[in-house]
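Chains, contacts and geometry: an overview
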Amino acid sequence: MEVKDWQLKALTPIWTGDAGGNGDRLIPTGIMGALRWWFEVLVRGLGGRACDPTTEVRCPDKNVQQADKPGHHCVVCELFGCTGWARKFRLMVLDEHDQVIQNQIQADQTFILRFVPLRPIREEEWCLLDATLRLIADYGAMGGKTVFKPSDESNRQNQLHHQDFGIVAVDRRPEGIDCNQQLASTFVHGSRNRRNFQDNSFSWASLQHFWCVKGRYLARQDSQRSSFNRVIGRDMRKNRSQQLFQNTNINRWLAGRQQESKKVFSFKHPEVARRTFGFVKPRLVNFQEIESRLGQVWSEFEAEHEFQQGEQIIEKLFQMKEGI
Ligand SMILES: [Zn+2]
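A short tour of the structure in this document, coming up. Just so you know, the residues in each chain are numbered from 1, in the order the chain's sequence is written. pLDDT decides what is reported in this predicted model: residues at 70 or higher carry local features, side-chain atom pairs at 80 or more are listed and counted, and totals for whole chains, interfaces and linings draw on all residues regardless. Note: side-chain values were computed over all heavy atoms of the structure, leaving out hydrogens and water.

1. Details of the coordination of the zinc ion
Metal-coordinating donors are taken as N, O and S atoms lying within 2.8 Å of the metal, or within 3.2 Å when the metal is Na, K or Ca; because water is left out, some sites can appear incomplete. Taken together, Cys-51 (SG), Cys-59 (SG), Cys-74 (SG) and Cys-77 (SG) make up the full set of protein donors to the zinc ion, lying 2.3 Å away. Classification of the site at the zinc ion as tetrahedral follows from its 4 donor atoms and the range of 102 to 114 degrees in their angles at the metal. Sequence positions of the residues that donate to the zinc ion give the spacing C-x7-C-x14-C-x2-C. By the burial criterion, Cys-51 is buried, and Cys-59 matches it. Here the metal geometry follows the donor angles, with tetrahedral for four donors whose angles all fall between 85 and 135 degrees, square planar for four and octahedral for six when opposite donors are more than 155 degrees apart and every other angle is between 65 and 115, and irregular for all the rest. Using a 1.4 Å probe on the protein chains alone, a residue whose accessible area is under 20% of its type maximum counts as buried, one over 50% counts as exposed, and one in between counts as partly exposed.

In structure tokens:
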């Protein structure tokens, strides 16, 4: 079984620290967590079902005793593992000289994600992993602190919670990954995959509901104004920013309550990879509403060309040919 390497370049530091805020050490589980989360987003985007391992509906299905029986675990757990079913690979984070990276990855640092198969990995799974890494690099961000928003206030730019983390570029992909949307879609719909669970609380985290605008960012402009807060519907004044401007279901969802993620993310640095992305939720907030909110804070925003969404991004991801 052959190892596969993706060579990435960090365009910002990559935060993989613990919940206590200690980010000096590189913690591979942080990268693994980000990979898995975006892999889930991709699988749901293709119409597959992916459990959320942080919730009660996580795999395995308690009614299926044997791990190799159909319905025991979902297509994401098939690769990433769950209780009773080990992950199919080991992830190594290496520098250009094949040495394990011990410390936080810094901006401009090249690093290699090496996937060492422990059991056979199917062609479709490599294809999905490859698409996941390109999704993170081209539209998303890698790592746990990506919820932080940038600031335009000069005295605050260097504060930790206003720094950008997790923006990467793919420098080199493994050769010979046979990948197209049809193959990937058929695979995630496979009848062996567990599908019988309620995913209402996290099904929004799907590429179908994802949007991205490149070259633009949201931030706080001064103590009275914040384009970020305006878009997610929070009070724009700094000392009031935990309050919602209008306490509607949409704003509550976009801003995220305690323990719950925001649904809009924005990155100012570096300029070449500047981006704002987020999610919508069927029957609550649609792409049009987000477009209109963005149009209120960005001058000359041409949603038609700039606002990329769902299906369009899926198609682009799978149109990739060999090489970069
Ligand atoms: Zn699962």
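2. Things to note about the nonpolar core
Looking at soluble globular proteins, one finds that nonpolar side chains tend to be buried together. Core analysis: the biggest nonpolar cluster contains 89 residues, and Phe-111, Leu-113, Phe-115, Leu-294 and Phe-318 have the highest contact counts within it. Here this core gathers at least three residues from each of two domains, domain 1 (4-188) and domain 2 (207-318). Any two residues having at least one pair of non-hydrogen atoms within 4.5 Å are treated as being in contact. With sequence-adjacent residues up to four places away left out, Phe-115 is seen in contact with Val-3, Lys-4, Trp-6, Leu-35, Phe-89, Arg-90, Leu-91, Trp-126, Leu-129 and Leu-133. For this analysis, a nonpolar core means a set of buried residues of the types Ala, Val, Leu, Ile, Met, Phe, Trp, Tyr and Cys, connected via side-chain atoms within 4.5 Å. Boundaries between domains were set according to an automatic or database domain assignment.

3. Some points on the pairing of strand S6 (residues 264-267)
Taking every second residue as pointing to the same face, both faces of S6 are buried, with Val-264 and Ser-266 on one and Phe-265 and Phe-267 on the other. Being paired, for any two strands, means DSSP has found at least two bridges between them. Here a helix means four or more residues in a row that DSSP labels H or I, a strand means two or more in a row labelled E, and each is numbered from the N terminus. Of the pairings in the sheet, the one linking S6 to strand S7 (residues 275-279) comprises 4 bridges and is antiparallel in character. By the bridge assignment, Phe-265 is partnered in S7 with Phe-277.

4. Description of the sheet that holds strand S2 (residues 89-94)
Taken in spatial order, the 4 strands line up as S2-S3-S1-S4 in an open sheet, and their pairing is antiparallel. Strands at the two margins of the open sheet, each flanked by one partner only, are S2 and strand S4 (168-172). Neighbour-to-neighbour, the strand axes of this sheet turn through a mean angle of 30 degrees, independent of strand direction. Bridge analysis of strand S1 (residues 4-10) against strand S3 (residues 110-117) gives 6 bridges, and the strand direction is antiparallel. Paired with Trp-6 across the strands is Leu-113, a residue of S3. Contacting S2 and S3, helix H1 (residues 28-45) crosses the sheet at an angle of about 120 degrees to S2. Between N-to-C directions, angles cover 0 to 180 degrees, with each direction set by a line fitted to C-alpha atoms, over the stretch in contact for helices. On top of the sheet, helix H3 (residues 123-138) reaches S1, S3 and S4; it is set at about 130 degrees to S4, its chief contact.

5. Structural notes on the sheet that holds strand S8 (residues 308-309)
Spatial strand order, S6-S7-S5-S8: 4 strands in an open sheet with antiparallel pairing. Two strands in the sheet have a free side with no partner beyond their single neighbour: S6 and S8.

6. Points about the state of the cysteines
Throughout, a disulfide means two cysteine sulfur atoms within 2.5 Å of one another. Scanning the entire structure with this criterion turns up 1 disulfide. Two residues, Cys-127 and Cys-179, share a disulfide whose sulfurs are 2.1 Å apart. Disulfide Cys-127 to Cys-179: torsion about the S-S bond roughly 70 degrees, handedness right-handed. Pair noted here: Cys-127 is in helix H3 and Cys-179 is in the loop between S4 and helix H4 (181-188), with a separation of 52 residues, a long-range link. For the residue pair Cys-127 and Cys-179, the accessibility class agrees, reading buried in each case.

7. As for the side chain of Ser-206
When you line up the elements, Ser-206 lands in the loop between H4 and strand S5 (210-214). Counting of polar contacts relies on pairs of N or O atoms within 3.5 Å, with two restrictions inside protein: one atom must be capable of donating a hydrogen and the other of accepting it, and residues adjacent in sequence are counted only when both atoms are side-chain atoms. Within the structure, Ser-206 has its side chain in polar contact with the backbone nitrogen of Gln-208 (distance 3.0 Å). Those residues in contact with Ser-206 that sit more than four places away from it in its chain are Val-41, Arg-44, Gly-45 and Phe-279.

8. Here we look at the pattern of salt bridges
What counts as a salt bridge is simple: a side-chain nitrogen of Lys or Arg found within 4 Å of a carboxyl oxygen of Asp or Glu. As enumerated under the stated definition, the model contains 14 salt bridges in all. When the shortest N-O distance is used, the salt bridge between Glu-306 and Arg-216 registers 2.7 Å. Of this pair, Glu-306 sits in helix H8 (residues 303-306) while Arg-216 sits in the loop between S5 and helix H5 (227-232), and the two are 90 residues apart along the sequence. When its relative accessible area of 17% is taken as the criterion, Arg-216 is described as buried. One continuous salt-bridge network, built from bridges that share partners, spans Asp-5, Asp-98 and Arg-114.

9. Focus: unusual backbone geometry
Cis peptide bonds are those with omega within 30 degrees of zero, and the linkage from Cys-59 to Pro-60 qualifies with 5 degrees. One can find Pro-60 in the loop between H1 and helix H2 (75-80). Here the amide bond leading from His-269 into Pro-270 is cis, since omega sits at -10 degrees, within 30 degrees of zero. Among the structural elements, Pro-270 can be located in the loop between S6 and S7. If you check the backbone angles, Asp-98 has positive phi at about 70 degrees while not being a glycine. Within the secondary structure layout, Asp-98 lies in the loop between S2 and S3. Judged by relative accessible area, which is 43%, Asp-98 ranks as partly exposed. Phi is positive for Asp-108, close to 75 degrees, though the residue is something other than glycine. Inspection of the secondary structure assignment puts Asp-108 in the loop between S2 and S3.

Remember that the coordinates give geometry; whether it matters functionally is a separate question.
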